[in-house]
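# Secondary and tertiary structure notes
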Amino acid sequence: CTRVTGPDASPVVCELEVPGLLRRTYSGVFEFRGGSDYVRPIVTTECEIATGCIVAAELPVSAAPFHALAAQAVVSRSVILGSRTPRHGFADFCDTTHCQFLRSPPKTESLAGRAVAETRGVVLLENGSVMPARYSGACGGQTESGFNEGHYYVSVRCEVCREHGVVRRGHGWGLCQEGAMGLAQQGLTWRAILAKYYPNVSPAARSHA
């Protein structure tokens, strides 16, 4: 195991590349573990930095409205802080769609960076606990209802998907990303978007984690 940090174990910026596939910049403390035929990089980073990386990956930042990005920031932060157990033996999350996809952190002055900053610390609370809120690319016109991982989701009608004939992409639980972008374009705020897709959850509570 190789560990990479700054002075006094402070975070550093490191660029990781899989030649021909991806190149990403991360900020944090790095560990590189491996065997005879693989290397597994593990990054320990701050929640807000990770949230920005996820927002930059989960929505088309060149086209997504500010309030859709802000709603995504709250949802992604809730996943990070609300998940009770690591999803992998070697780390809490992986950098794929199995958990949450990440890219390099957005610039502070970008829409994604501003969305993370405006919602800093805001999570979704259900009965006083942080909800590891699920979300999908498109609900197809109606989100799913019922219990998922111990949390209750209310089925809601998604007018954006219905009006534009958007077919379902993903599981359909919680936030519909297509719907969020459409509603933001219509002028809804990120708080209103979250209230739409999580009507039984408080979207404006601040975490003290």
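Quick summary incoming for the structure in this document. As the structure is a prediction and not an experimental result, all values here were calculated from the model.

Looking only at helices and strands, one finds six helices and eleven strands in the protein. Its C-alpha atoms give the protein a radius of gyration of 18 Å, near enough to 17 Å, the size a compact globule of 209 residues would have. Overall, the C-alpha framework of the protein stretches about 50 × 35 × 30 Å when taken along its three principal axes. Out of the 209 residues belonging to the protein, those deemed buried represent 45%. For the protein, the proportion of contacts with a sequence separation of at least 24, taken over those separated by at least 6, is 61%. Accessible surface computed for the protein: about 10800 Å², of which carbon and sulfur atoms make up 51%. Side chains of the protein carry 20 positive and 18 negative charges; the gap between the two charge centres is 4 Å.

Glancing now at unusual backbone geometry. Of note in the backbone geometry, D8 takes a positive phi value of approximately 55 degrees without being a glycine. With respect to the element layout, D8 can be found in the loop between β1 (2-4) and β2 (12-18). We note that N127 has phi near 55 degrees; this positive angle belongs to a residue other than glycine.

It is the contact of helix α5 (residues 177-185) with helix α6 (residues 190-197), at a shortest axis distance of 10 Å, that shows an interaxial angle of 140 degrees. Considering the angle they form, α5 stands oblique to α6. The interaxial crossing formed by α5 with α6 has right-handed handedness. Judged by residue contacts, G179, A180, L183 and A184 of α5 engage I193, K196 and Y197 from α6. Split into classes, the residues belonging to the contact of α5 with α6 amount to five nonpolar, one polar and one charged.

Tallying each qualifying case throughout the model produces four aromatic pairs. Both rings, one in F30 and one in F32, keep their centres 6.3 Å apart while their planes meet at 10 degrees; by these two values the pair is stacked. We classify F30 as buried; its relative accessible area is 0%. By relative accessible area, which is 22% here, F32 ends up partly exposed. Centroid distance Y153 to Y198: 6.4 Å. Interplanar angle 55 degrees. Geometry classified as tilted. Note that Y153 is positioned in strand β9 (residues 151-153) and Y198 in the loop between α6 and β11 (202-206), a separation of 45 residues in sequence. Each member of the pair, Y153 as well as Y198, is classed as buried.

All right, on to the pattern of salt bridges then. Close approach of charged atoms allows side chains of opposite charge to pair. All chains considered together, the criterion is met by eight salt bridges. Ionic contacts of the salt-bridge type, sharing partners, join the residues R3, E31 and R33 into one network.

Before going further, it helps to spend a moment on the environment of L69. Position of L69 among the secondary structure elements: in helix α2 (residues 66-82). Accessibility expressed as a relative area gives 0% for L69, which makes it buried. In sequence terms L69 and L59 are ten residues apart; their C-alpha atoms lie 7.2 Å from each other. When near neighbours in sequence (up to four residues on either side) are disregarded, L69 contacts V55, L59, V61, A64, L111, A112 and A115.

Reading guide: rules and limits
- All residue numbers refer to positions counted from 1 along the written sequence of the respective chain.
- Only residues with pLDDT of at least 70 are given local features in this predicted model, and only at 80 or more are side-chain atom pairs given and counted; all residues enter the totals for whole chains, interfaces and linings.
- As a rule here, side-chain values come from all non-hydrogen atoms in the structure, and water together with hydrogens is ignored.
- In this description a helix means any DSSP run of H or I spanning at least four residues, a strand means any run of E spanning at least two, and both kinds are numbered starting from the N terminus.
- For the radius of gyration, the atoms used are the C-alpha atoms, and the globule rule reads 2.2 Å times the number of residues raised to 0.38.
- For the exposure calls, accessible area comes from a 1.4 Å probe over protein chains only, and a residue counts as buried if that area is under 20% of its type's maximum, exposed if over 50%, partly exposed in between.
- A contact between two residues is defined here by any heavy atoms of the two lying within 4.5 Å.
- Exposure was quantified through the Shrake-Rupley algorithm and a 1.4 Å probe, taking into account, for residues, occlusion by the shown protein chains and nothing else.
- Residues scored as positive are Lys and Arg, those scored as negative are Asp and Glu, and His as well as the terminal groups of each chain are ignored.
- Charge placement uses NZ in Lys and CZ in Arg. For Asp and Glu, CG and CD serve respectively.
- For helices, the fitted line uses only the C-alpha atoms of the stretch in contact; every axis is such a line through C-alpha atoms, and the angle between N-to-C directions lies from 0 to 180 degrees.
- An angle counts as roughly parallel when it lies under 35 degrees, as roughly antiparallel when it exceeds 145, as roughly perpendicular when it falls between 65 and 115, and as oblique in every other case.
- Here is the rule for handedness: rotate from the far helix to the near one, and if that takes an anticlockwise turn smaller than a right angle the crossing is left-handed, while a clockwise turn gives right-handed.
- By the convention adopted, Pro, Cys, Tyr, Trp, Phe, Met, Ile, Leu, Val and Ala count as nonpolar, Lys, Arg, Asp and Glu as charged, and the other residues, Gly among them, as polar.
- Two rings from Phe, Tyr or Trp (for Trp, the six-membered ring) form a pair when their centres are within 6.5 Å of each other. A pair whose planes differ by under 30 degrees is stacked, one over 60 is edge-to-face, and the rest are tilted.
- Any carboxyl oxygen of Asp or Glu within 4 Å of a side-chain nitrogen of Lys or Arg constitutes a salt bridge here.

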